[in-house]
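For reference, the chains in residue letters:
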Amino acid sequence: MVDHTKKTGKRNLKTLRPRKHKQLEFFIADEVDVSTFRDEIASMEHPFFALKGGDTKIRQYKNGSVIVTVRPAVEIGLATIFDKDIWIYAISKLQEAINNGRPISRIITFTPYDFFVTTNRSSSGVGYRELKKALSRLKGTTIETNIVYSEDKEETAIFGLIDKARILEDKKGQLEIGMVELTLPEWLYQAITKTKVLQISPDYFRIRKAIDRRLYEIARKHCGNQHEFIISLDKLYAKTGSTAALSKFKFNIKQLAKTNDLPDYEILLIPPLIK
C-alpha cells in the first residue's frame with residue numbers, strides 16, 4: 001500500500017459512497033455592521049414591487065428597450081415595497097462585506113432581531129409573523145426581464161425575488177435556532193458583485209407610506225448627483241407601479257410636495273406638467 005495522506009493532489013475515488021452532507025457555504029449577516037445602505041439599481045427604476053398587499057395581477061412595464069414582467073403567486077399576491085426591506089438588508093450587508101474584503105455567498109443567514117434593528121422595525125411577535133409572510137411573497141413573486149448583468153450577450157432572465165428561505169428549528173454548526181437562511185437569486189447576486197447598487201439614506205426605513213418610498217427610490221436613481229430631475233406625471237405614475245387612479249396619484253404627489261419630508265430630496269410640481 002502507498003501512503004497518500006501527505007499528497008495534495010486530488011484523486012478520483014469513484015467507488016466510494018458520495019458525501020451525504022456538504023460543507024455549508026453561507027454568509028452570516030449578523031457579523032457585519034452596516035455603515036451605508038444600498039439598493040439595487042434596476043428595481044429602483046422599474047416597479048418590481050407592489051405598493052399594497054394582496055395585489056394578484058400580472059404586470060408588464062416597458063421603458064425604451066427594457067421590458068419587465070412581474071407575476072405574483074395568486075394565493076398571497078405580489079411582494080410589496082416593504083417586503084423589499086429584506087432585499088435592501090441583504091444587499092447592504094453583502095456590499096459592506098465586499099468593501100471589507102470578506103467572502104460572501106448567495107446564501108445569507110441572519111437572526112430576525114438583527115433584521116428588525118437594522119431596518120428600523122418592531123421586534124414584536126407581529127414582526128416575526130410579518131417576516132414569514134414577506135419571505136413567502138418574495139419567494140412567490142417572479143420577475144421576467146431583459147435587464148441582465150452579463151457582458152456576454154443580451155438575454156431574458158426569469159427569477160423569483162428570492163430562491164429559497166427557511167427558518168432553522170435546530171442548531172446547525174454556526175447557525176443558531178431561529179435563524180433565517182435566505183438564498184438570493186443569481187440575478188441579484190450578480191448585480192451586487194458587479195456594483196449595480198446605489199447608496200440610500202438610512203432614513204428610507206422611516207418612510208411610512210409605500211408611495212413615498214417608491215418616489216424616494218425613483219428620485220435617488222434619477223437625480224444621482226444632479227441638482228434636479230424633471231419627469232412628467234404620467235411617466236412618474238407608470239414608474240411607481242401605482243394601481244390607484246391617476247387623480248388619486250396626483251393628489252398624493254401634491255400632498256408630498258406640501259410636506260416635503262422625503263430624505264435628501266424635495267418634490268416640486270411645475271404647473272405646465274399638471275393635467
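As the structure is a prediction and not an experimental result, all values here were calculated from the model.

Enquirer: Explanation requested: the sheet that holds strand S8 (residues 164-167) in the structure shown.
Expert: Either a parallel or an antiparallel arrangement is found when strands of a sheet pair, and the pairing is made through backbone hydrogen bonds. A sheet is described by the order of its strands in space; here four strands give the open sequence S1-S5-S9-S8, paired in mixed fashion. The sheet is open, and its two edges are formed by strand S1 (27-28) and S8, each paired on a single side. Here strand S5 (residues 107-110) runs beside strand S9 (residues 180-183); their pairing, made up of four bridges, is antiparallel. Residue pairing for S9: Ile108 is matched across the bridge by Leu182.

Enquirer: Got a minute to help me understand the confidence of the model for the chain in this structure?
Expert: For any part of a model where pLDDT is low, the fine detail of the predicted coordinates should not be relied upon. Summarising the model, the chain shows a mean pLDDT of 87, and 88% of its residues fall at 70 or more. Contacts for the low-pLDDT stretch residues 1-8, under 50 throughout, to residues beyond four places or in other chains number one contact. Below a pLDDT of 50 lies the segment residues 19-23, which in the model reaches zero contacts outside its immediate sequence neighbourhood of four places, other chains included.

Enquirer: Help me out: how do you make sense of the environment of Ala191 in this one?
Expert: Residue placement: Ala191 occurs in helix H5 (residues 186-193). Residue classification places Ala191 among the buried residues on the basis of a relative accessible area of 0%. Residues Ala191 and Glu40 lie 151 residues apart in sequence; the distance between their C-alpha atoms is 7.0 Å. In this view, Ala191 contacts Glu40, Tyr149, Lys196 and Val197; residues no more than four positions away in its chain are not counted.

Enquirer: What should I look at first to understand the packing of aromatic side chains in this one?
Expert: For any two aromatic rings, the description comes down to two numbers: the centre-to-centre distance and the angle of the planes. The final tally for this structure, using the stated rule, is 13 aromatic pairs. With a centroid separation of 5.9 Å and an interplanar angle of 50 degrees, the aromatic rings of Tyr204 and Tyr216 are classed as tilted. Residue Tyr204 is located in the loop between strand S10 (197-200) and helix H6 (210-223), and its partner Tyr216 is located in helix H6; the two are separated by twelve residues in the primary sequence. Put simply, the rings of Phe37, Tyr204, Phe205, Tyr216 and Tyr265 touch in pairs and so form one group of aromatic residues.

Enquirer: Mind showing me how you'd approach the pairing of strand S6 (residues 142-145) here?
Expert: The side-chain alternation of S6 yields one buried face, formed by Ile143 and Thr145, and one unburied face, formed by Thr142 and Glu144. Here strand S4 (residues 66-71) pairs with S6 via four bridges, running antiparallel. Its bridge partner lying in S6, Val70 is registered against Ile143.

Enquirer: Sorry if this is basic, but what is going on with the nonpolar core here?
Expert: What tends to happen in soluble globular proteins is that the nonpolar side chains get buried as a cluster. Counting residues in each nonpolar core, the largest one holds 70 residues, and the members touching the most others are Phe48, Trp87 and Trp187. In contact with Trp187, other than residues within four places in its own chain, are Glu40, Ala42, Phe48, Trp87, Thr145, Ile147, Val148, Tyr149, Ala157 and Phe159. Counting five residues, the second-largest nonpolar core is a separate cluster that includes Phe26, Ile28, Leu168 and Met179.

Enquirer: Just checking my understanding: could you explain the pattern of salt bridges for this structure?
Expert: Think of it this way: side chains of opposite charge can pair up when their charged atoms draw near. The final tally for this structure, using the stated rule, is 17 salt bridges. Here Glu31 makes a salt bridge to Arg102, at a shortest N to O gap of 3.3 Å. One end of the pair, Glu31, is in the loop between S1 and strand S2 (37-40); the other, Arg102, is in the loop between helix H2 (84-99) and S5, and 71 residues separate them in sequence. A salt bridge links Arg121 to Asp85; its shortest N-O distance comes to 3.0 Å. Linking Arg121 in the loop between helix H3 (112-118) and helix H4 (125-140) with Asp85 in helix H2, this pair joins segments that are 36 residues apart in sequence. Within the structure, one salt-bridge network assembled from shared partners comprises Asp39, Lys84, Arg214 and Glu217.

Enquirer: Help me out: how do you make sense of the packing of H6 against helix H7 (residues 233-240) in this one?
Expert: Helices that pack against each other are described as a pair by the angle of their axes relative to one another and the distance between those axes. Orientation of H6 relative to H7, taken along the N-to-C sense of each, is 110 degrees, at an axis distance of 10 Å. Comparing the axis directions of H6 and H7 gives the class roughly perpendicular. Pair H6 / H7 crosses with right-handed handedness. Facing Ile211, Arg214, Leu215, Ile218 and His222 of H6, the residues of H7 in contact are Leu236, Lys239 and Thr240. Residue classes in the contact of H6 with H7 are distributed as four nonpolar, two polar and two charged.

Enquirer: What is the right way to look at the environment of Glu45 in this model?
Expert: Within the secondary structure, Glu45 sits in helix H1 (residues 41-45). On the basis of relative accessible area, Glu45 is assigned to the buried category, the value being 17%. With residues near it in sequence (within four places) discarded, Glu45 still touches Asn63, Arg214, Lys221, His222 and Lys239. Among the polar contacts listed, one links the side chain of Glu45 to the side chain of Asn63, at a separation of 3.4 Å.

Calculation criteria
- Residues numbered from 1 in each chain as written.
- Predicted model: local features only at pLDDT ≥ 70, side-chain atom pairs only at ≥ 80, totals over all residues.
- Heavy atoms only, no water.
- Pairing = 2+ DSSP bridges.
- Helix = DSSP H or I, 4+ residues; strand = E, 2+ residues; numbered from the N terminus.
- pLDDT = per-residue confidence, 0-100.
- Contact = heavy atoms within 4.5 Å.
- Buried < 20%, exposed > 50% of the residue type's maximum accessible area, 1.4 Å probe, protein only.
- Phe/Tyr/Trp six-rings, centres within 6.5 Å; stacked < 30°, edge-to-face > 60°.
- Core = buried A, V, L, I, M, F, W, Y, C linked by side-chain atoms within 4.5 Å.
- Salt bridge = Lys/Arg side-chain N within 4 Å of Asp/Glu carboxyl O.
- Axes fitted to C-alpha atoms, helices over the stretch in contact; angles between N-to-C directions.
- Parallel < 35°, antiparallel > 145°, perpendicular 65-115°, else oblique.
- Left-handed = near helix turned anticlockwise from the far one by under 90°.
- Nonpolar A, V, L, I, M, F, W, Y, C, P; charged D, E, K, R; others polar.
- Polar contact = N/O pair within 3.5 Å; in protein donor to acceptor, adjacent residues only side chain to side chain.

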